[in-house]
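Below are the chains, spelled out letter by letter.
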Amino acid sequence: MSGRATMVCLVLVLGGAAVMAALNLATPAASALHVPAYAVSLAGKYLCYAMLAVAVDLVWGFAGILSLGHAAFFALGGYAMGMYLMRQIGTRGVYGNAVLPDFMVFLNWKSLPWYWYGFDHPAFAVAMVLLVPGVLALVFGWLAFRSRVGGVYLSIITQALTYALLLAFFRNDMGFGGNNGLTDFKDMFSIPLHLDSTRDGLLLATAVLLAAELLVARHVVTSRFGKVLIAVRDSESRTRFLGYRPESYKLFVFVLSAVMAGVGGALYVPQVGIINPGEFAPANSIEAVIWVAVGGRGTLVGAVLGAVLVNLGKTFFTATLPDLWLFALGALFILVTLLLPGGLLGLGRRRPRAAPVTQAPEPAE
Amino acid sequence: MTTRDTLLYLDGVTVTFDGFRALNALSLVLEQGEMRAVIGPNGAGKTTMMDVITGRTRPDTGRVVFGRDTDLTRLDEPAIAALGIGRKFQKPTVFEPHTVWDNLLLALAGDRRPRFTLWARQSAEERTRIEAILATIRLADHARRRAGDLSHGQKQWLEIGMLLAQEPQLLLVDEPVAGMTDAETEQTAELLREINRSRSVVVVEHDMAFVRALGVRVTVLHEGAVLSEGSIDHVSADPRVVEVYLGR
Amino acid sequence: MTLLRVLLLLLVLSPFVARAGDDPIADLAGNYDDIRHAVDALSVSGNARAEPVIAALQNGALMVAADRSLWIREGDAMLDARSGAPGSPNGPLKPVRLNNAVRRAIEAAMGNLTLFSADPARRLKAAQALFAQPDPAALPTLDRALAKESVAGVRRLLQQAQAAAVLAGADAPIPDRLAAIVVLRARGDLAASNLLAALAGQPPEVAAAAAEGVAAIARAQKIWALAQGVFYGISLGSVLLLAASGLAITFGVMGVINMAHGEMVMLGAYTTFVVQQAVGAWLPGLAAAGVLIAIPLAFIVSGAVGIAIERLLISFLYGRPLETLLATWGLSLGLQQAVRSLFGASNRDVSTPGWMSGAAQWGGVTITFNRLYIIIFAAFVLAALMAVLRATPLGLQMRAVTQNRRMAAAMGIRTPWIDALTFGLGSGVAGMAGVALSQIDNVSPNLGQGYIIDSFMVVVFGGVGNLWGTLVSALTLGIVNKFLEPVAGAVLGKIFVLVLLILFIQRKPRGLFPLKGRAVEA
Ligand SMILES: Nc1ncnc2c1ncn2[C@@H]1O[C@H](COP(=O)(O)OP(=O)(O)O)[C@@H](O)[C@H]1O
Ligand SMILES: [Mg+2]
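What counts, and where the lines are drawn
Residues numbered from 1 in each chain as written. Chains lettered and ligands numbered in written order. Predicted model: local features only at pLDDT ≥ 70, side-chain atom pairs only at ≥ 80, totals over all residues. Heavy atoms only, no water. Helix = DSSP H or I, 4+ residues; strand = E, 2+ residues; numbered from the N terminus. Rg over C-alpha atoms; globule rule 2.2 N^0.38 Å. Buried < 20%, exposed > 50% of the residue type's maximum accessible area, 1.4 Å probe, protein only. Contact = heavy atoms within 4.5 Å. Areas by Shrake-Rupley, 256 points an atom, 1.4 Å probe, with all protein chains shown as cover. Pairing = 2+ DSSP bridges. Axes fitted to C-alpha atoms, helices over the stretch in contact; angles between N-to-C directions. Phe/Tyr/Trp six-rings, centres within 6.5 Å; stacked < 30°, edge-to-face > 60°. Lys NZ or Arg CZ within 6 Å of the ring centre and 35° of its normal. Buried area = accessible area lost by both parts, 1.4 Å probe. Salt bridge = Lys/Arg side-chain N within 4 Å of Asp/Glu carboxyl O. Polar contact = N/O pair within 3.5 Å; in protein donor to acceptor, adjacent residues only side chain to side chain. Nonpolar A, V, L, I, M, F, W, Y, C, P; charged D, E, K, R; others polar. Left-handed = near helix turned anticlockwise from the far one by under 90°.

Novice: Report on the overall build of chain A, specifying residues and quantitative values.
Specialist: The helix and strand tally for chain A stands at 14 helices and four strands. The C-alpha atoms of chain A give 21 Å as radius of gyration, which agrees with the globular expectation for 365 residues (21 Å, within 12%). Principal-axis analysis of the C-alpha atoms gives chain A an extent of 60 × 50 × 40 Å. Within chain A, buried positions represent 58% of all 365 residues. Expressed as a percentage of contacts within chain A between residues at least 6 apart in sequence, the contacts between residues at least 24 apart total 77%. About 13500 Å² of surface is accessible on chain A, with carbon and sulfur atoms providing 68% of the total.

Novice: So what's going on with the sheet that holds strand 1 (residues 62-65) of chain C? Which residues, and what values?
Specialist: All names here are of chain C. If you trace the four strands from one edge of the open sheet to the other, you get 3-2-1-4, paired in antiparallel fashion. Among the strands making up the open sheet, the edge pair consists of strand 3 (77-80) and strand 4 (93-95). For this sheet, the mean inter-axis angle between neighbouring strands, taken without regard to orientation, is 40°. Sheet analysis places strand 2 (residues 70-74) next to strand 3, joined by four bridges and oriented antiparallel.

Novice: Residues and numbers for the packing of aromatic side chains, please.
Specialist: Per the counting criterion, the structure on display carries 30 aromatic pairs over all chains. For the ring pair A:Y79 and A:F280, a centre distance of 6.0 Å and an interplane angle of 20° mean the geometry is stacked. In this pair, A:Y79 is assigned in helix 3 (residues 70-89) and A:F280 in the loop between strand 4 (274-275) and helix 11 (282-295), connecting sequence segments 201 residues apart. Taking relative accessible area as the criterion, A:F280 reaches 0% and is therefore assigned buried. The interplanar angle of 85° and the centroid separation of 5.3 Å between the aromatic rings of A:F119 and A:F124 together place this pair among those described as edge-to-face. Taking relative accessible area as the criterion, A:F119 reaches 5% and is therefore assigned buried. Looking at A:F124, the relative accessible area reads 30%, which means it is partly exposed. Counting every residue linked through ring pairs, the aromatic cluster contains A:Y79, A:F103, A:W114, A:Y115, A:W116, A:F169, A:F176 and A:F280. One Lys or Arg, B:R87, reaches over the ring of A:F241 and ends 5.3 Å from the middle of that ring.

Novice: Explain the interface of chain A and chain C to me, using residue names and the numbers behind them.
Specialist: Each partner contributes to the interface: chain A provides 48 residues, whereas chain C provides 44 residues. When chain A packs against chain C, the two sides together hide about 4200 Å² of surface, and 76% of this comes from carbon and sulfur. Joining chain A to chain C, the criterion identifies zero salt bridges. Between chain A and chain C we count two residue pairs in polar contact (both at pLDDT 80 or more) in total. Along the lines of polarity and charge, the residues of the side of chain A that touches chain C split into 34 nonpolar, nine polar and five charged.

Novice: Go over the packing of helix 3 (residues 32-43) of chain C against helix 4 (residues 50-59) of chain C, please, and point to the residues and values.
Specialist: Each pair of packed helices can be described by the angle between their axes along with the distance between the axes. Residue and element names in this part refer to chain C. One can describe the packing of helix 3 onto helix 4 by two numbers: an axis separation of 10 Å at closest approach and a directional angle of 145°. Note on packing geometry: the crossing formed by helix 3 with helix 4 is left-handed. Between helix 3 and helix 4, the residues in contact are I35, V39, L42 and S43 and A50, V53, I54 and L57, respectively. Here the residues of the contact of helix 3 with helix 4 sort into seven nonpolar, one polar and no charged.

So, in structure tokens, the structure goes:
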């Protein structure tokens, strides 16, 4: 997590996004240099995943909290944005109802449920993108860290959390579109989404926010706070006898990380055009962890690298050899944990900055 | 003795684990500025006593009064640490990925809240204090090394250094010389005496030579209660102590 | 034309033939009234031929010859109605005709007749029919039937039919009606409650007793519904227990987070499928025992895979629980995909043997046999596990190794071996769970995924390393889930349970029955 690696990463992310956007806009479709719109959106999607990965690395790499439910925060941010985009459709839906989204008309709902109020205002929606994942993380983390639930126990209940949300969002009665989720978006901030220039703008916005996320995360982990955090990760009870309250530290990064994941989800939705309950699947959260492990846990930059590489692989495999993708992903999990504990960034290092050895059963020490 | 001189007062503390009494109505008084050695066979409850004082274990009955009238049994570990009670564990635990310097920096007395540490910059005053401690614990040449790379004895010292950095009123030191060479043991005894000039200390130790070298009042624990108390010569002569601990 | 002539002839002749039922069978050749009376008379005559004759009449198989002799057509043969002996009638036969009055008489007669059948099962059926259609006119017959009845179950039903009949009429004395209400109240089901509810217009004391009876039955029904809920809950709990008990070994005792645990269950289910295919192809005679054969095989298959996993993967990751979690998750993806490639992505059909299907009624509770067998099986598996852990040398060594690895090694226990065997045991148990789950769930590559979170929750809720805790926790979760379902709906109920569990774990991070001691704190 050296300063140089961060700089290189920032330059690549921002520069890459700018070049793609520029080539998409400035070259004719026939040109060899032309970057098609779908590639722009794909790149934007990868960067959203990278935001999720950095969020996971912040809690896992530096606080030792292996969250198997971080995709839930990502999805909640996505839903908050999706609700705004739904309201933007206005009368252009299939049923032409100015207030109710199509799925509500279809379900014979007469009025907008109260929790949809306000989502027609962009500022409110943005606030919700930050608040919903943040508050959930605050409540969940406060309960968990205060009672010193840690290690695999925390992993298991984070997984249960996202599983419960998955089940909940599948219900039509919840008012979030059930199985189909939210889709058919038309504009964002009154700009039509289908335009190439909108996609370029979204890619650039994602790159800028990812860069900001990286810088914030880097500040957190290199500050004295971050040193305490690493101390908590490695010997929590020792920090307590030094007078620190590990629960406050963990809670702070957990909430921060959830908000970051939520922002990633909010940028993801307009770029892929849909959000549905499948995003809550526990498998998604675990996949995000492997991105981090591939790139190098506890390096932040590695999380970006891992997210982009693994998802490039996924795009490639699912298009050409779909049956092999799960084998490849499974093998990746095994090989990285067994052979590459420092991840790709750990390869060049003298001593991998892997997680220290902890005792096997560590119930809520 | 009067309450004013008393720093720590354990009053009838009992701790049971699944019916097993690790501490059995233990009472103990430590005076301000005193250094006390606690000895006793394995399983006597010495570590458990420290767990109770530092808030790690809650006693079933009994009180632990610190200073004038603070009941420690109502507080948790960070709160007790903030009151000025430092603890060194039996197994040396330093923050291995951090440098020796950073270990001391984290231990320095100061604001422990996230909103402070998030923005804290190292001050010149902090730097001089760390340098002073490094000199005391003889690790000045190793300040930039990873703590995980230190030798066993150096880790023990670093831990003592971290205790000093906390500026506690009372230090609890669990088996500080276990695994040390004779020379290191002697240096450690000297270090503890030096510390004792300004602070109260409770040392748990098995090494009788070390305890003798400290030359302080000794409490012998046995089966969770005080078996004998007094000078080293006094307790060594106590037939009950000889029976359960010293000689068979 | 001929038909009309015959009818006319019958009408003309009837006064001569129908002499006051001394030979009811002969009267069946008479006019509709004769026939009706003959049927009534026959039904209570105790005549052994009464039943076949009336049944033949009902089915249109009773024929009358020109000489007024009666015959029963049975296939191509003709039987003499009076004796049942085959014979050949002289002349052409005509079926005895029925009108609606006769048909009613026949139905009542069949009810009465079977009341006196030699077969208790048929008597029971007849009594049920009479209860369903209470008729005061049947009272004399019921009385006689009761006097003769010796089978307790049939007797009880007869009494209930009698009570229903008493209450259906208007002229039974009040004490008799009150007694009848008591009988119906004791029956305690919905039918009895309906009969009692119909008595609202009766004299006050009868109506009051009836209303009280209705209330009492409603209370009893509630208790039965509760019992049914408990049964469903225990049934779900036993499924959870089966899925979790392997995990209670690998996670609870060894502290290994095996995210591929669900796939061990899935392998057990596929083993059942393969065994069933193999048995069906080569040993069709053993088809009913296919499930039983699959149990040890599933243990062996999943156990062997478990041992391989432990040796090749997990043994390199001891002391790194989070990495173990990730690696075994990767493994689970691979195993799912492997099974998908081998067997296809769709559900595989595992049939339930005859002896496991069906249901029994116990009071107001329906007990399906496959659920019952799974409960028994789960109890058996848990008991076997406990026995292995407590009473075998392997169990002793396992506990030694998990409690203090170095000490165990110093005492000459080959710890790697024991680790592998312990893990194999837990995985094998998961495989056996798969056999049971194949009976109630879809056998698909994703089978295990559906259980992994639940299993972890069960183990954590119960307290790690404590099989009794796992038992209590599985049953509690099963029952709570089943009781929430009617209130909140299945999905919301499950969400609710998950949230409760999350909150519970935060209150008591070590579960219901925590192990104490330093080992857990280290
Ligand atoms: N958390 C615990 N759970 C169960 N038993 C414990 C626990 N902590 C200590 N004990 C028991 O209490 C007794 C005292 O232990 P300890 O205080 O460590 O002794 P000492 O430090 O004097 O050797 C020992 O028998 C030990 O096994
Ligand atoms: Mg000790």
